[in-house]
Amino acid sequence: MIKLREYQEKTINSLRQKMSIGLKRLIMSCATGGGKTVMFCYMISQALQKNKRCLILTHRTELLTQAGGTLENFGLVPIIVNPKNNKIDFTKNLYVAMTKTVMSRINKITDYKNWLQSFDLIIIDESHLQDFNNLFEFFNPKTFVIGATATAERKGNQSSLDEFYQDIVNEISISELIELGFLAKPNSFGVSIDLSKVKTKAGDYDNEMLGDLYNQISLYDGVYENYQRLTPNKKALIFAPSIKASVKLVDELQKKGLPIKHIDSNNKDRTEIIRWFKNTPNALLSNVGILTAGFDEVSIEVIILYRATKSLPLFLQMVGRGSRTNENKKEFSILDFGNNITRHGFWEDDRDWSL
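Our subject in this report is the structure included herewith. Each chain carries its own residue numbering, running from 1 in the direction its sequence is written. Local features are withheld for residues below a pLDDT of 70 in this predicted model, meaning they are given only at 70 or higher, and side-chain atom pairs are given and counted only at 80 or more; totals for whole chains, interfaces and linings count all residues. Note that water and hydrogens are dropped before the side-chain values are worked out from all heavy atoms of the structure.

What follows deals with the packing of aromatic side chains. Pairing of aromatic rings covers Phe, Tyr and the six-membered ring of Trp, with a centre-to-centre limit of 6.5 Å; geometry is then stacked below 30 degrees between planes, edge-to-face above 60, and tilted otherwise. What the rule picks out here adds up to 12 aromatic pairs. Between Phe136 and Phe164, the ring centres sit 5.0 Å apart and the planes meet at 50°, which makes this aromatic pair tilted. Remark: Phe164 occurs in the loop between strand 6 (144–149) and strand 7 (167–169) and Phe136 occurs in the loop between strand 5 (121–125) and strand 6; sequence separation between them is 28 residues. The two residues Phe136 and Phe164 agree in class, both being buried. Three or more aromatic residues joined by ring pairs make a cluster, and in this case those are Phe90, Tyr95, Tyr112, Trp115 and Phe119. Sitting over the face of the ring of Phe119, Arg53 holds its NZ or CZ atom 5.0 Å from the ring centroid. Strands here are runs of E lasting at least two residues and helices are runs of H or I lasting at least four, both read from the DSSP assignment and numbered beginning at the N terminus. With a 1.4 Å probe rolled over the protein chains alone, any residue whose accessible area is under 20% of its type maximum counts as buried; one over 50% counts as exposed, and the rest are partly exposed. Here, a charge over a ring means that NZ of Lys or CZ of Arg falls within 6 Å of the ring centre while also lying within 35 degrees of the ring normal.

If you want it as C-alpha cells, here you go:
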C-alpha cells in the first residue's frame, strides 16, 4: 500500500468532513504532480473494503490502467468500459469507464442507466473538462461524486462548476509543493510574440492561424537558438498549436541535428514514439493535443510552449508535465513562445480556486 503524504491525508480528511455533513458533490483540487490519482485510489481502496461500488470516469482509460500505474500499485483491478469492451459484467464493484463510451450507450442500453445508478462513489478524473456534464443527470442523488482536477476553473461559455458541485477542497499550493520538494522548481524564459492578428475560436486562439503565423515568422529558428542557448542537450516536451506547425518545427530542428519527433492523435506508432522519448536522454518531442494531461514522464527537463492559450487550466496542465522530481532532477525550464506567462502569471504563482 502506498503511504500518503501529510497534505494528501489532510485533503482526504477534509473531503470526509464535508461528506459527513451531507455534501455529495465535491471537487478535490491539487496541482499536477501532487498525487490526485494516489488520493482517489486510496479513497476507492477504503470504500471497496466496505463492499462499496466504485466508478472512475475518465477520458484516458489507457493511462489510468497502464501496467505499473497507481491502480495496480493499490492492488485495484477494475473492469474497463471503453469502445473495445462491449460485454460488461455489471455485478463487480470497481470500474474505470471512458466517459464518451458511457454517454453513447446510456440512452441505448437500459442496463447502463441502472448500472450508473448503482454506485456509492464516483470519481471524475480531470473534472474541469466539459465532457462529464451530461452524465450528472443520470447519477443517483445518494452517490458521492468527487471531481479530481489540478485546475478547478471554467470560463466563457463553459458550464460553471457550481452547477455540478457543492464545494471544493484545495489543501496545498504549487509553491508549497515546490518548497517541500515534491515538485521541481521552474526557471522561466519568454520570447514576446505579436498575436494581434490571430483570431479567437471557441474561446481560445485559433490554432491553425497560430501555427501559420509561427511558420511565417520562422519562429522555429527562435526555438532552436533559445533551446541551444538556455537548455542544450536537455529532454524537452513541446506543445504545438497545429499538426502543420509541429511537423515544420520538427523538420527544421532535425535539419539542425536535434533528436526530435512529432506525435499527434493520428500516429499509429504513438507507443513506440513515447518509448523512444522516455529512453533517449536528450530527446525532444513535439505533440499536438495529446500529452496535455496524464503524461507523467519524470525525465522531462524542459517544457517548450510553442503555442499560445487563453486558458489558464491548459497553461498549468502543459507546464505541469515538466514538474515531477527524481533524485537527479530538482528544477526544470519553461521556454514560452506564446506570451503565456505574461497572460497568466508564473506557473508557480499561488491561485485561489473557486467553483
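That was the structure; now back to the text.
Here, a salt bridge means any side-chain nitrogen of Lys or Arg that lies within 4 Å of a carboxyl oxygen of Asp or Glu. Applying the stated criterion to the full structure yields eight salt bridges. Across the pair Glu252 and Lys255 runs a salt bridge, and its minimum N-O distance is 3.5 Å. Of this pair, Glu252 and Lys255 both sit in helix 10 (residues 243–255), separated by three residues, roughly a single helical turn. A relative accessible area of 13% places Glu252 in the buried class.

A pair of strands is labelled paired if DSSP reports no fewer than 2 bridges between them. Reading across the sheet, the six strands line up as 8-15-14-11-13-12 and stay open at both edges, with parallel pairing between neighbours. Lying at the two open borders of the sheet, with one neighbouring strand each, are strand 8 (185–190) and strand 12 (260–263). Strand-to-strand twist of the sheet, defined as the mean angle between neighbouring strand axes without regard to direction, takes the value 20°. Across four bridges, the pairing between strand 14 (residues 302–305) and strand 15 (residues 331–336) is parallel. Bridge pairing in strand 15 places Ile304 opposite Leu335. Contacts are assigned to residue pairs with any non-hydrogen atoms lying within 4.5 Å of each other. In this analysis an axis means a line fitted to C-alpha atoms, helices contributing only their contacting stretch, and an angle means the value between N-to-C directions, from 0 to 180 degrees. Those strands touched by helix 10 are strand 11 (236–239), strand 12 and strand 13 (284–287), and its axis lies near 165° from that of strand 12. Along the sheet face, helix 11 (residues 270–279) touches strand 11, strand 12 and strand 13 and points at about 145° away from the line of strand 12.

The next thing to look at is the sheet that holds strand 1 (residues 25–29). Read from one edge to the other, the open sheet built from seven strands follows the order 3-4-2-5-6-1-7, with strand pairing classed as parallel. Looking at the sheet topology across the chains shown, the edges are occupied by strand 3 (79–81) and strand 7. Sheet twist, expressed as the average angle between the axes of neighbouring strands with direction ignored, equals 20°. Of the strand pairs in this sheet, strand 5 and strand 6 are connected by five bridges, and their pairing is parallel. From the neighbouring strand, Asp125 faces strand 6, where its bridge partner is Ala148. Sitting on the sheet, helix 5 (residues 99–106) is in contact with strand 2 (54–58), strand 3 and strand 4 (94–98), with an inclination near 90° to strand 4.

Turning our attention to the nonpolar core. One finds Leu57, Trp115 and Trp347 to be the most contacted residues of the largest nonpolar core, which totals 86 residues. Broken down by element, this core gets its largest block of residues, eight residues, from helix 2 (residues 36–49). If near-sequence neighbours (up to four positions away) are discounted, Trp115 is found in contact with Arg53, Leu55, Val81, Phe90, Tyr95, Ala97 and Val102. Core analysis: the second largest hydrophobic core is formed by 28 residues, Leu195, Leu253, Leu258 and Ile260 among them. We call a set of buried residues a nonpolar core when its members are Ala, Val, Leu, Ile, Met, Phe, Trp, Tyr or Cys and they connect through side-chain atoms within 4.5 Å of each other.

Bringing the pairing of strand 12 into the picture now. Strand direction decides the pairing type here: strand 12 and strand 13, joined by four bridges, are parallel. Looking across to strand 13, one finds that Ile260 is bridged to Leu284. With the strands pointing away from the viewer, any crossover whose connection runs clockwise from the first strand over the helix to the second is right-handed. Traced from strand 12 through helix 11 to strand 13, the parallel crossover comes out right-handed.

On to helix 10. The end-to-end C-alpha separation of helix 10 is 18 Å, in line with the 18 Å expected for 13 residues at 1.5 Å each. Among the residues making up helix 10, those that are buried are Ala245, Ser246, Leu249, Val250, Glu252 and Leu253. Summarising the axial view, the buried residues of helix 10 lie within an arc of 165°, below the 170-degree limit, and thus occupy one face. Looking at the buried side of helix 10, the elements it contacts are helix 8 (207–216), helix 9 (219–230), strand 11, strand 12 and strand 13. Phi turns positive, to about 95°, at Gly257, one or two residues after helix 10. In this analysis, the expected span of each helix is defined as 1.5 Å times one less than the number of residues it contains. In this context, the arc is that of the directions from the helix axis out to the C-beta atoms.

The next subject is helix 8. Those residues of helix 8 not exposed but buried are Leu210, Gly211, Leu213, Tyr214 and Asn215. If you check the start of helix 8, you find a side-chain oxygen 3.0 Å away from the backbone N of Glu208, and it comes from Asp206. At the exit of helix 8 stands Ser218, carrying a positive phi of roughly 55°. Distance and chemistry together define a polar contact, namely a pair of N or O atoms within 3.5 Å, with one atom able to donate a hydrogen and the other to accept it when in protein, and with adjacent residues in sequence counting only for side-chain atoms on both sides.

Keep in mind that these numbers describe shape and distance, not what the molecule does.
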